[in-house]
Amino acid sequence: MTAAATAATENSVPEKELASLAVSESAKGDNTENDNDVDGSDAEAEAAAGADGSGQKKKKKNKKKKKGKKTGGGAAAQTTPPTIPVSQLFPNNSYPEGQICEYTDDNMYRTTSEEMRARDRVNEQQLIDLRRAAEVHRQVRKHARSMIKPGVDLADVAEMIENGTRTLVEADGFKAGIGFPTGLSINHCAAHYTPNAGDHVIVKKDDVLKVDFGVHVNGNIIDSAFTLAWNDRYNPLLDAVRDATNTGIREAGIDVRLGDIGAAIQEVMESYEIVLDGKTIPIRPLRNLCGHNIGSYLIHGGKSVPIVNNGDQTRMEEGELFAIETFGTTGNGLVHEEGICSHYSRNETNEQPRLQSAKKLLTTLKKNFGTLPFCRRYVDRLGESHYYLGLKHLVDQGIVNAYPPLCDVEGSYTAQFEHTFILRPTVKEVLSRGDDY
Ligand SMILES: [Co+2]
C-alpha cells in the first residue's frame, strides 16, 4: 500500500508527504543463494499442491534431504486454492527466512558482532511474526497469480486474496489478519482501487494490473505488491519498476539517507523506455508516491522513502521495518485522486462525531480495525448497512481519512513492485522476497 498522496497538482508537488515502497537485492550478489532458498520452499509446496494435506505432510517428513534447507524443514503441502494455515505447514515457528543481505561498508562489522547478535535475539518474536505473515503473502499471491487472467472479475480476485489470507494466517481479531485493503488498480490507476460492493471490473488482456495486499501477525505488517500483464509489450515497464524497487532495497541500510535511496531508484527507473504503438516513451517514476516505514498496526510509520531524488536527509535506523515500493509510468509521472473511494483509515484524534449514526459507526470501526486501513467491503461484512452518510460525516470531520484511487493521466500505464524488509542489527532481511519477485 502506498502512502496517500495529497491531491497533486502540477504546480505543487507534495513529494515530502508521500510515502511509498521500494525493494532491492544485495549489491554483492549474495542474494542469489537466498532467492534459491525461497525457491526451494515454493517448489516444495508446489510439488504437493492439489493433494491432500495430511498425506503430503507424511511424505514430506520422510524427505530428509530437505532438512538442511533454511526453509524450516517440516514444510508440508499447500492445497490449491490454499486452505492450510502456514502454522501447520511450518511447525514450531520454523517459517522461512526472507532474503538475507549483509551490511556493507561501515556496517560490515554488524554481521559478526556479538553485541549485534544479542540485540537481534531480543526481537526474535517479531521476526517470527513477520516471517509467518510473509509466508502467507507468498502462498496467497502464488495462487492469485494463477487465477488472475483476462476475463476474471476483480471482485472475485479480492475475495480470493482476502479469504486466502484470513485462512492461512488464522485471522483472529487483532492477533492476525489482513493488513489493509487489497489494491487492484488497473492501467493509469496506480494505487488504492479495490472493488466496493457491486463493482464488477473484468480484467482485459491488454491491462496492466497492480496487486497490492498486506498480512499482519500481532500488528507486524507485511506490505508487498506486484504487477501483472498479459501482453509482452509491457515487459520494459515491468522490468523498469522491478529493477527500481530492487535498487531501492539494495541501497537501503542503517544510516542511509532516504533521499539517496530515491535518487538511486530514479536513476534506474529512468534508464528504461518502452515502445507502444510505434512510439518510444520514457519510463518515469510517479514522483508523488513513495515507500514508507511500518509501525505496529501502522502501515505508514511516518518516514517516506521517495522514488525520486528529493534531497531528504532523514536516515534509516536500526530495527526499522520498511516497505519500499516504486511506481513507473508511461504518463506524466504524477498521480491525482480519481474516482469513487474505497480505502479508509481512522485518524488518531479525540474529535467526536456530532451525528449519532456516525458515533455508532466509529465505535464499530475502532473495535474491528483499530488503526489498520479498511475498505467498504470490510465494513459490509461486519453486517453494517446504510453507513455511507455516517462514514462521510467522519471523513468530513477529519476523524477518518479517505484514500481515493490514485491515477496518472488517462491512457497511460503504471506498474508497481513492493517488498517489506527489516533492518536487523546484524543483517537486512527482505521478508517478502519470493521466487516470483
Ligand atoms: Co506500501
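Residues numbered from 1 in each chain as written. Predicted model: local features only at pLDDT ≥ 70, side-chain atom pairs only at ≥ 80, totals over all residues.

A. Region of interest: the sheet that holds strand β15 (residues 400-403). Sheet architecture is open: three strands sit in the order β14-β13-β15, paired in antiparallel fashion. Every interior strand has two partners, whereas the edge strands, β14 (374-375) and β15, have only one. Both strand β13 (residues 343-346) and β14 contribute to a ladder of two bridges, which runs antiparallel. If you follow His 343 over to β14, its bridge partner there is Cys 375. (Pairing = 2+ DSSP bridges. Helix = DSSP H or I, 4+ residues; strand = E, 2+ residues; numbered from the N terminus.)

B. Region of interest: helix α7 (residues 235-251). In this model, α7 (17 residues) spans 24 Å end to end at C-alpha, consistent with the 24 Å of a helix rising 1.5 Å per residue. The buried fraction of α7 is high, at 14 of 17 residues. (Expected span 1.5 Å × (residues − 1). Buried ≥ 20, exposed ≤ 12 C-beta atoms within 10 Å, placed from the backbone.)

C. Molecular detail of the nonpolar core. One finds Ala 133, Ala 190, Leu 237, Val 241, Leu 289 and Phe 322 to be the most contacted residues of the largest nonpolar core, which totals 101 residues. Broken down by element, the residue count for this core peaks at seven residues, all from helix α5 (residues 124-147). Both of domain 1 (15-338 + 407-430) and domain 2 (343-403) provide at least three residues apiece to this core. Once residues lying within four places of it in the same chain are set aside, the contact partners of Val 241 are Thr 227, Met 269, Thr 326, Phe 327, Gly 328, Ala 415, Gln 416 and Phe 417. (Core = buried A, V, L, I, M, F, W, Y, C linked by C-beta atoms within 7 Å. Domains from an automatic or database assignment. Contact = placed C-beta atoms within 7 Å.)

D. Fine view of the environment of Lys 367. With respect to the helices and strands, Lys 367 occurs in helix α9 (residues 356-369). Separated by 194 residues in sequence, Lys 367 and Gly 173 place their C-alpha atoms 9.1 Å apart.

E. Focus on the UniProt feature "binding site: a divalent metal cation 1" (unreviewed entry) in the protein chain. What UniProt calls "binding site: a divalent metal cation 1" (unreviewed entry) maps, in this numbering, to Asp 212, Asp 223 and Glu 418. Sequence-wise these annotated residues cover 207 residues; spatially they are packed, their C-alpha atoms never more than 8.1 Å apart. Looking at the secondary structure, you find Asp 212 in strand β4 (residues 208-217). Setting aside residues no more than four positions away along its own chain, Asp 212 makes contact with Met 1, Gly 183, Ala 191, Ala 225, Gln 416 and Glu 418. Considering the arrangement of structural elements, one finds Asp 223 in strand β5 (residues 220-229). (UniProt positions renumbered as here; feature names shortened; annotations may be inferred.)

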